Amino acid sequence: MTDLTDLIQPDRGQDATTIHLIDRDGFESWAKALSNGQRAALAAQKFEGGGYQIGIVPDGDGWFAVGGVADPEELSSWCLAKLAEELPEGTYRLAKGDAGAAMYGWMTAQYRFDRYRKDDKPAGPRVLLTKQVKQIEPMLQEASADCLVRDLVNTPAEDMGPAAIEAECEKLAKEFGAKLKVSKGDTLEKDYPMVHAVGRAAARTHAPRLIHLVWGKEKDPVIAVVGKGVAFDSGGLDIKPASGMLLMKKDMGGAAHAIALARLVMQAGLPVRLHLLVPAVENAIAGNAFRPGDVISSRKGLTVEIGNTDAEGRLVLGDALARASEEDPEFIVDFATLTGAARVALGPDLPALMTRRDETAQDLIDAGHAHDDEVWRMPLPAAYEEWLKSDIADTNNTHSNGFAGASVAGLFLDKFVGEDIDWAHFDTFAWRPAPKPGRSKGGAAYGLRAAFHMLRARYAGK
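A quick note: this is a predicted structure, and the numbers were derived from the prediction, not measured.

A. Region of interest: the overall build of the protein. For the protein, the helix and strand inventory stands at 15 helices and 20 strands. Here the protein has a C-alpha radius of gyration of 24 Å; the compact-globule value for 462 residues is 23 Å, and the two agree. Counting only C-alpha atoms, the protein reaches 80 × 50 × 45 Å along its principal axes. Partitioning the contacts of the protein with sequence separation of at least 6, the portion at a separation of at least 24 is 77%. Carbon and sulfur atoms make up 49% of the accessible area of the protein, which totals about 19,700 Å². Of the side-chain charges in the protein, 53 are positive and 66 negative, and the distance between the mean point of each set is 3 Å.

Structure representation (structure tokens):
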């Protein structure tokens, strides 16, 4: 993973290149203090103070930088990201004020996924100095969690199958002294029949499993974080077209979010008893693949008619949510790249949020807004539960009328969450189709910071 460790450092007066932050309204008056040559240099670069504009200004034997921002007095996570991407390697400090929230984007802007291709002329680090020393470590942890999601999602399925996902959880367990239990084979078939059914057609090297990590004091409030770990989704016998399969290495994006969130919770030392559950499978095609029309059992005891084998994510999540519910948790949150319907409704940048409780939804929305990680609530309408009815089983895994696909998937999951448990479900894309400052094309975290800061506020009062 890209090492972000030294990209933000305490300002002890060391040599650094200055960055001035200017908005459009303030640019003209600010520029009056410059020399004619300096103003000419900015004019040649067409710098006017617009958002994400960058200017280089000669200054004696050196130079300083100018960055355009919406409001120099209130920086978002992304205000310095373009500067971090495009300035030469070196050390920098702001001419006025401090970076605050923008430390985050300064670090994530320097993320590179170079596992398979090395840059012949890699850019050196751009280091930002700050007097807000206490903010460095928390920001580093959040930015590193974001980059962990990117790394896991960007890695092709051959190298990020169920065993590799398990290995990531094992690293967490060793680092934080957590307990790890992995169910496979006959145990998986008996205890998690839906996880087994979805993953049983995969090669032995990608055999299905349920990964369960436990951390924290037994006396602390129990929370569960669940992530859909479909390492690759062919669609099963209801096979996807080639275009639909192209990005399916990202179908374990929910697991990537869950692993990153668990890491943040443990790093922050939140006073909780954490359960991380990841059903890790490959939805492959073979003679033993589960079929449309099959009826499979579940950990909860409900029988499920398979209306479509490409609606597999909700099956594996169902078993994992049922297991999480057995711990009588105060709160469950799950992440999944679950439905195309959520993307049609909200596009790639907004994760669909569904909750049972209004106050939980508002807490997550507020946390996302405060930390530049917007989420959008969608309903769980009881009126649509009838669309999941089956003539031969307790429920179908999908519906045929094409309406409200994201909400109906949420209603399916709701059947497997224990009664009266506070539960939130994120239907996330986990992929950025085009880059933005601080946010590279490829694997992406959506809803991660919202969930973490909601948990931190609820359980640590911060």
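B. The nonpolar core, seen in detail. Counting residues in each nonpolar core, the largest one holds 57 residues, and the members touching the most others are I165, W215, I259, L261, L274, L276 and L455. With 10 residues, helix α10 (residues 253-268) is the largest single contributor of residues to this core. Filtering out sequence-adjacent residues up to four positions away, I259 remains in contact with L148, L152, I165, E168, C169, L172, L276 and V278. One finds A197, L277, F290 and F412 within the second-largest nonpolar core, a separate group that totals 35 residues.

C. Up close: the sheet that holds strand β6 (residues 126-130). Pairing within the open sheet is mixed, and its 6 strands lie in the order β1-β6-β5-β2-β4-β3. Edge strands, defined here as strands with exactly one partner in the open sheet, are β1 (8-10) and β3 (54-59). Each neighbouring strand pair of the sheet contributes to a mean axis angle of 35 degrees, computed without reference to strand direction. One ladder, built from 4 bridges, connects strand β2 (residues 17-22) with strand β4 (residues 62-68); its direction is parallel. Its bridge partner lying in β4, I22 is registered against G68. The sheet contacts of helix α1 (residues 24-31) involve β2 and β4, and relative to β2 the element is tilted by about 125 degrees. Sheet strands in contact with helix α2 (residues 36-44) are β3 and β4, and its direction is about 155 degrees off that of β3.

D. Representation of helix α14 (residues 405-414) in the model. Here α14 lies mainly inside the structure; 9 of its 10 residues are buried. The complete set of buried residues in α14 reads G405, A406, S407, V408, A409, G410, L411, F412 and L413.

E. Quick look at the confidence of the model for the protein. Across the protein, pLDDT averages 97, with 100% of residues at or above 70. For the protein, the element scoring lowest by mean pLDDT is α1, at 95; strand β11 (residues 273-283) scores highest, at 99.

F. A look at the sheet that holds strand β13 (residues 304-305). An order of β12-β13-β17 is seen for the 3 strands of this open sheet, with the pairing classed as mixed. If you trace the sheet from one side to the other, it starts and ends with β12 (295-296) and β17 (395-396), each paired once.

G. Quick look at the pattern of salt bridges. Under the defined criterion, the tally for this structure stands at 30 salt bridges. We note a salt bridge from E327 to R323, for which the minimum N-O separation is 2.9 Å. Among the residues examined, R323 registers a relative accessible area of 15% and is labelled buried. The residue R458 makes a salt bridge to D422 at a minimum N-O spacing of 2.9 Å. Taken together, the residues span a long stretch of sequence, with R458 in helix α15 (residues 448-460) and D422 in strand β18 (residues 422-427) at a distance of 36 residues.

H. The arrangement of the side chain of T309 in detail. By the secondary structure assignment, T309 is in the loop between β13 and α11 (313-325). With a relative accessible area of 0%, T309 lands in the buried category. In this structure the side chain of T309 is engaged in a polar contact, spanning 2.7 Å, whose partner is the backbone oxygen of G235. In contact with T309, other than residues within four places in its own chain, are G235, G236, L237, D238, N283, F290, R291 and P292.

I. A look at the pairing of strand β10 (residues 229-233). Counted residue by residue, β10 has 4 buried out of 5 residues, so it is predominantly covered. Direction of pairing for β10 relative to β11: parallel, over a ladder of 4 bridges. Along β11, the bridge assignment pairs D233 with N283.

J. Region of interest: the packing of α10 against α15. It is at 10 Å that the axes of α10 and α15 come closest, and there the two elements cross at 35 degrees. Two packed elements cross with a definite hand, and for α10 against α15 that hand is right-handed. Touching H257, A260, L261, L264, V265 and A268 of α10 are L448, A451, F452 and L455, all from α15. Grouping the constituent residues of the contact of α10 with α15 by class yields 9 nonpolar, 1 polar and no charged.

K. Just the environment of V69, in detail. If you trace the backbone, V69 turns up in the loop between β4 and α3 (81-86). Judged by relative accessible area, which is 4%, V69 ranks as buried. Separated by 42 residues in sequence, V69 and F27 place their C-alpha atoms 11 Å apart. Leave out the neighbours within four places in its chain, and V69 touches L21, I22, D23, G49, G50, G51, L75 and C79.

L. Looking closely at a nonpolar patch on the surface. Together, L237, I239 and I285 make up an exposed nonpolar region whose accessible area comes to about 260 Å². With respect to the helices and strands, the residue I285 is situated in the loop between β11 and β12. When its relative accessible area of 41% is taken as the criterion, I285 is described as partly exposed.

The rules behind the values
- Residues numbered from 1 in each chain as written.
- Predicted model: local features only at pLDDT ≥ 70, side-chain atom pairs only at ≥ 80, totals over all residues.
- Heavy atoms only, no water.
- Helix = DSSP H or I, 4+ residues; strand = E, 2+ residues; numbered from the N terminus.
- Rg over C-alpha atoms; globule rule 2.2 N^0.38 Å.
- Contact = heavy atoms within 4.5 Å.
- Areas by Shrake-Rupley, 256 points an atom, 1.4 Å probe, with all protein chains shown as cover.
- Lys, Arg positive; Asp, Glu negative; His and termini not counted.
- Charge placed at Lys NZ, Arg CZ, Asp CG, Glu CD.
- Core = buried A, V, L, I, M, F, W, Y, C linked by side-chain atoms within 4.5 Å.
- Buried < 20%, exposed > 50% of the residue type's maximum accessible area, 1.4 Å probe, protein only.
- Pairing = 2+ DSSP bridges.
- Axes fitted to C-alpha atoms, helices over the stretch in contact; angles between N-to-C directions.
- pLDDT = per-residue confidence, 0-100.
- Salt bridge = Lys/Arg side-chain N within 4 Å of Asp/Glu carboxyl O.
- Polar contact = N/O pair within 3.5 Å; in protein donor to acceptor, adjacent residues only side chain to side chain.
- Left-handed = near helix turned anticlockwise from the far one by under 90°.
- Nonpolar A, V, L, I, M, F, W, Y, C, P; charged D, E, K, R; others polar.
- Patch = residues over 30% accessible without salt bridge, like charges linked within 9 Å, V, L, I, M, F, W, Y side chains within 5 Å.

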